[in-house]
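Single-letter residue listing:
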Amino acid sequence: MTLIGWIQILLFGAVVVALTAPLGAYLTAVFDGRRTWLSPVLVPVERALYRAAGVDPQHEQHWLSYALSLLLFHVGGFLLLYALLRLQAGLPLNPAAQGAVAPDLALNTAISFITNTNWQNYGGETTLSYLTQMLGLTHQNFLSAATGIVLAVALIRGFARASMTTVGSFWVDITRCTLYVLLPMCVPLALFLVWQGVPQTLGPYAEATTLEGARQTIALGPVASQVAIKMLGTNGGGFFNANAAHPFENPTALSNVVQMLAIFVIGAAMTNVFGRMVGNQRQGWAILAAMGVLFIVGVTVCYWAEANGTQALHALGLAGGNMEGKEVRFGIAASALFAVVTTAASCGAVNSMHDAFTALGGMIPLVNMELGEIVIGGVGAGLYGMLLFAILTVFIAGLMVGRTPEYVGKRIEAREVKMAMLAILILPLMMLGWTAIAVVYPPAVASMANAGPHGFSEVLYAFTSQAANNGSAFAGLSGNTPFYNLAGAVAMFVGRFWVIVPALAIAGSLAGKKSIRASSGTFPTTGALFVGLLIGVILIVGGLTFFPALAVGPLVEHLAMAAGQVF
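Residues numbered from 1 in each chain as written. Predicted model: local features only at pLDDT ≥ 70, side-chain atom pairs only at ≥ 80, totals over all residues. Heavy atoms only, no water.

**Focus: the overall build of the protein chain**
Point 1. Each helix and strand counted, the protein chain has 19 helices and 4 strands in total.
Point 2. With the C-alpha coordinates aligned to their principal axes, the bounding extent of the protein chain is approximately 75 × 60 × 45 Å.
Point 3. Every one of the 567 residues in the protein chain was classed for burial, and the buried ones make up 58%.
Point 4. Contacts in the protein chain between residues far apart in sequence, at least 24 positions, make up 78% of those at least 6 positions apart.
Point 5. Total accessible area computed for the protein chain in this model is approximately 21100 Å², and 69% of it derives from carbon and sulfur atoms. (Helix = DSSP H or I, 4+ residues; strand = E, 2+ residues; numbered from the N terminus. Buried < 20%, exposed > 50% of the residue type's maximum accessible area, 1.4 Å probe, protein only. Contact = heavy atoms within 4.5 Å. Areas by Shrake-Rupley, 256 points an atom, 1.4 Å probe, with all protein chains shown as cover.)

**Brief notes about the pattern of salt bridges**
Point 1. On inspection of all chains with the given rule, the structure shows 9 salt bridges.
Point 2. Note that Arg-176 is salt-bridged to Glu-46, the shortest N-O span being 2.9 Å. With a gap of 130 residues between them, Arg-176 in helix 7 (residues 170-196) and Glu-46 in helix 2 (residues 39-53) connect regions that are remote in the sequence. Each member of the pair, Arg-176 together with Glu-46, is buried.
Point 3. A salt bridge links Lys-513 to Glu-416; its shortest N-O distance comes to 2.9 Å. (Salt bridge = Lys/Arg side-chain N within 4 Å of Asp/Glu carboxyl O.)

**Focus on helix 10 (residues 281-308)**
At 3.6 residues per turn, the α-helix brings residues three or four places apart onto the same side.
Point 1. In a regular helix each residue adds 1.5 Å, so 28 residues correspond to 40 Å; helix 10 covers 40 Å between its end C-alpha atoms and thus fits that length.
Point 2. Put simply, Asn-280 is the residue that caps the front of helix 10, since its side-chain oxygen is 3.1 Å from the backbone nitrogen of Arg-282.
Point 3. Two residues or fewer after helix 10 comes Gly-309, characterised by a positive phi angle close to 70°. (Expected span 1.5 Å × (residues − 1). Polar contact = N/O pair within 3.5 Å; in protein donor to acceptor, adjacent residues only side chain to side chain.)

**Here's the deal with the packing of aromatic side chains**
Point 1. Under the counting rule described, the total for this entry stands at 26 aromatic pairs.
Point 2. Look at Tyr-130 and Tyr-205: their rings are 6.2 Å apart centre to centre, the planes differ by 45°, and that puts the pair in the tilted class. Within this pair, whereas Tyr-130 is found in helix 6 (residues 130-160), its partner Tyr-205 is found in the loop between helix 7 and strand 1 (206-209), the two being separated by 75 residues in sequence. The two residues Tyr-130 and Tyr-205 agree in class, both being buried.
Point 3. Measuring from ring centre to ring centre gives 6.3 Å for Phe-523 and Phe-530, while their planes differ by 65°; the resulting arrangement is edge-to-face.
Point 4. Among the aromatic residues, those joined into a ring-pair cluster are Phe-159, Phe-274, Tyr-407, Phe-523 and Phe-530.
Point 5. In this arrangement the basic side chain of Lys-326 is found over the ring face of Phe-357, its NZ or CZ atom lying 4.2 Å from the centre. (Phe/Tyr/Trp six-rings, centres within 6.5 Å; stacked < 30°, edge-to-face > 60°. Lys NZ or Arg CZ within 6 Å of the ring centre and 35° of its normal.)

**Things to note about the side chain of Thr-20**
Point 1. Take Thr-20: it is sitting in helix 1 (residues 3-31).
Point 2. Separated by 2.8 Å, the side chain of Thr-20 and the backbone oxygen of Val-16 make a polar contact.
Point 3. In this view, Thr-20 contacts Ala-268, Ala-269, Thr-271, Asn-272, Trp-285 and Leu-288; residues no more than four positions away in its chain are not counted.

**Remarks on the pairing of strand 1**
Point 1. Here 4 bridges tie strand 1 to strand 2 (residues 215-218), and the two strands are oriented antiparallel to one another. In the sheet register, Thr-209 faces strand 2, and the bridge partner there is Arg-215.
Point 2. Hairpin geometry of strand 1 and strand 2 is characterised by an intervening segment of 5 residues between the two adjacent antiparallel strands and by a positive phi of about 95° at Gly-213. (Pairing = 2+ DSSP bridges.)

**Remarks on the nonpolar core**
Where a protein is soluble and globular, its nonpolar side chains tend to be buried together.
Point 1. In terms of nonpolar packing, the biggest core is built from 177 residues, with Leu-182, Phe-264, Ile-266, Met-270, Phe-295 and Tyr-407 touching the most fellow members.
Point 2. Of all the elements, helix 18 (residues 482-511) adds the most residues to this core, at 17 residues.
Point 3. Once residues lying within four places of it in the same chain are set aside, the contact partners of Phe-295 are Phe-12, Phe-264, Leu-337, Val-340, Val-341, Ala-344 and Val-375. (Core = buried A, V, L, I, M, F, W, Y, C linked by side-chain atoms within 4.5 Å.)

**A closer look at the environment of Ile-506**
Point 1. Assignment of secondary structure puts Ile-506 in helix 18.
Point 2. Considered as a pair, Ile-506 and Ile-263 are 243 residues apart in the sequence and their alpha carbons are 27 Å apart.
Point 3. Residues in contact with Ile-506, not counting those within four places in the same chain, are Leu-155, Leu-388, Ile-391, Glu-416, Met-419 and Ala-420.

**Quick word on the packing of helix 10 against helix 12 (residues 331-344)**
Point 1. Where helix 10 contacts helix 12, the two axes come as close as 9 Å, and the packing angle between them is 140°. As the angle between them shows, helix 10 and helix 12 are arranged oblique. Between helix 10 and helix 12 lies a crossing whose hand is right-handed. Across from Phe-295, Gly-298, Val-299, Cys-302, Tyr-303, Glu-306 and Ala-307 in helix 10, the residues of helix 12 making contact are Ile-332, Ala-333, Ala-336, Leu-337, Val-340, Val-341 and Ala-344.
Point 2. Of the residues assigned to the contact of helix 10 with helix 12, the class counts are 12 nonpolar, 1 polar and 1 charged. (Axes fitted to C-alpha atoms, helices over the stretch in contact; angles between N-to-C directions. Parallel < 35°, antiparallel > 145°, perpendicular 65-115°, else oblique. Left-handed = near helix turned anticlockwise from the far one by under 90°. Nonpolar A, V, L, I, M, F, W, Y, C, P; charged D, E, K, R; others polar.)

**A closer look at unusual backbone geometry**
Point 1. You will see that Ser-163, though not glycine, has its phi angle at about 55°, which is positive.
Point 2. Turning to its location among the elements, Ser-163 is positioned in the loop between helix 6 and helix 7.
Point 3. Accessibility expressed as a relative area gives 48% for Ser-163, which makes it partly exposed.
Point 4. A positive phi is found at Asn-243, a non-glycine position, where the angle reads about 60°.
Point 5. In this fold, Asn-243 is placed in the loop between helix 8 (223-232) and helix 9 (253-277).

**What about helix 12?**
Point 1. Under the 1.5 Å per step criterion, the end-to-end length of helix 12 is 20 Å for 14 residues, consistent within 8% with the ideal 20 Å.
Point 2. With 14 of 14 residues buried, helix 12 is to be regarded as a mostly interior element.

**What about the environment of Val-101?**
Point 1. Mapped onto the fold, Val-101 is located in the loop between helix 3 (63-87) and helix 4 (103-114).
Point 2. By relative accessible area, which is 4% here, Val-101 ends up buried.
Point 3. Spatially, the C-alpha atoms of Val-101 and Leu-38 are 40 Å apart, while their sequence positions differ by 63 residues.
Point 4. When near neighbours in sequence (up to four residues on either side) are disregarded, Val-101 contacts Leu-85, Arg-86, Gln-88, Ala-106, Thr-127 and Leu-128.

**Comments concerning the confidence of the model for the protein chain**
Point 1. The share of residues in the protein chain with pLDDT of 70 or more is 100%, and the mean pLDDT across the chain is 91.
Point 2. Mean pLDDT across the elements of the protein chain bottoms out in helix 11 (residues 311-315) (73) and peaks in helix 7 (96). (pLDDT = per-residue confidence, 0-100.)

**Comments concerning a nonpolar patch on the surface**
Point 1. The grouping of Leu-3, Ile-7 and Leu-11 at the surface amounts to a nonpolar patch, some 320 Å² of accessible area in total.
Point 2. Within the secondary structure, Ile-7 sits in helix 1.
Point 3. For Ile-7, a relative accessible area of 40% translates into the label partly exposed. (Patch = residues over 30% accessible without salt bridge, like charges linked within 9 Å, V, L, I, M, F, W, Y side chains within 5 Å.)

**Considering the packing of helix 12 against helix 13 (residues 359-370)**
Point 1. For the pair helix 12 and helix 13, interaxial distance at closest approach is 8 Å and the crossing angle is 15°. In terms of axis orientation, helix 12 runs roughly parallel to helix 13. The two elements helix 12 and helix 13 cross, and the hand of that crossing is right-handed. Across the interface between the two elements, Ala-339, Val-340, Thr-343 and Ala-344 of helix 12 pack against Ile-364, Pro-365, Asn-368 and Met-369 of helix 13.
Point 2. Partitioned by chemical class, the residues of the contact of helix 12 with helix 13 number 6 nonpolar, 2 polar and no charged.

Next comes the structure, spelled out in structure tokens:
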């Protein structure tokens, strides 16, 4: 580890914190329906969209109709994307003459992008046409990201409102999020990326002659516009197979830093939105503090592990840390930081190959996802995931002192705790359940490139990434098979929507309750005690659930590496 490396990490964290309050104020204004600096331009567009869709912006929805609207909206998105994937061979904007995507891969990909996972069992530049990349993938990047944000807003309204039966309008929220938040942020980011060297063209792939005289095809396309929303929306799917390690997606050290900031900035700002909407910004800062502690611990362990390298490298006389699978232009510190950022959020973009990390270094991205990616988390998803744990935390605190638990003025009762536990426990069911099947099912075992604990980690990482709607891959696993395409589709769908529906049920339940004034007996939820208890609950639940799997994967691999055995 180096001083320069730590300066990079600390500066990154400082910029994220500095942007949290200003962006949080803007987001709050957007979802409260107040005037913003973009209103003179966008209000006429917003009204025209409502008229075209037949939406009454003054009509709000019960949580159940909000959830139904959300689900039907994504059914339509799935059908559109699946059709594009299957029919792309006969559609325009296909200069590389890409063929139709196989049915099982098309199913997996369509589910992947509507769930904000962006898991890719294919290479983008060798599989998809420009039309599919733009109308299919980039389009869903916007809508799936907006869905996460508006769900968090609906849950916040549940805490902020009293004696009401509605949590907002899904159609209004999704329109405002896309129009006032995602599009205005993506346009300048895409232009910045073009300036840094990211292609944005509808022209055909370029042909070049190498120094040896061979012909080489260089894939191009509308890359910058997709990279912008994949980062801001914590989607993560790459235009190219190498993702953010590809020089056409992430060409410079500056673009690398800006892309990491884009991954975190909305997720961090949503904590401030929570504080503002419930009338106490300290509540939001407490949530952000818990996220920040978990993030710093993860970065420290990952950076330390990669900077110290492996015994096998040391035995060969190679010092200076583990550079395997990393871009020389980024180095160990920026690669470790990116790996933790992308899995602390539900992004999944990678600028290095996690499969080539040390056992402990690769374990940190895995743990981030197993905790539900609540360390900042995806846009919106991180906040509502953390609020589910906050509900569980105040329930446990209430049991300790023999009082009915309260959180930000709402009494937490059996219904909220049951819904929170359902949402929390559904993820390990998908992660561990499918992993258990895959490591004994012969066709699935045949896809593993490595034996021993590393091979187990590859499978565990794959299903953890998909169920957590992350999308990053440990590599070393041939995922484009009927088993992995179908099992992964189920894991992604359940991991997304079986968390969303209980969260909306909690929002509806809380909105219907009266607000309770804080008293001398109310457990304070803005100080260090609550932050520490919240972190403790998260780690205990995560440890009890996932430690056995980690023990036979990365932990035993680390012990074997220390004894001189590698996999």
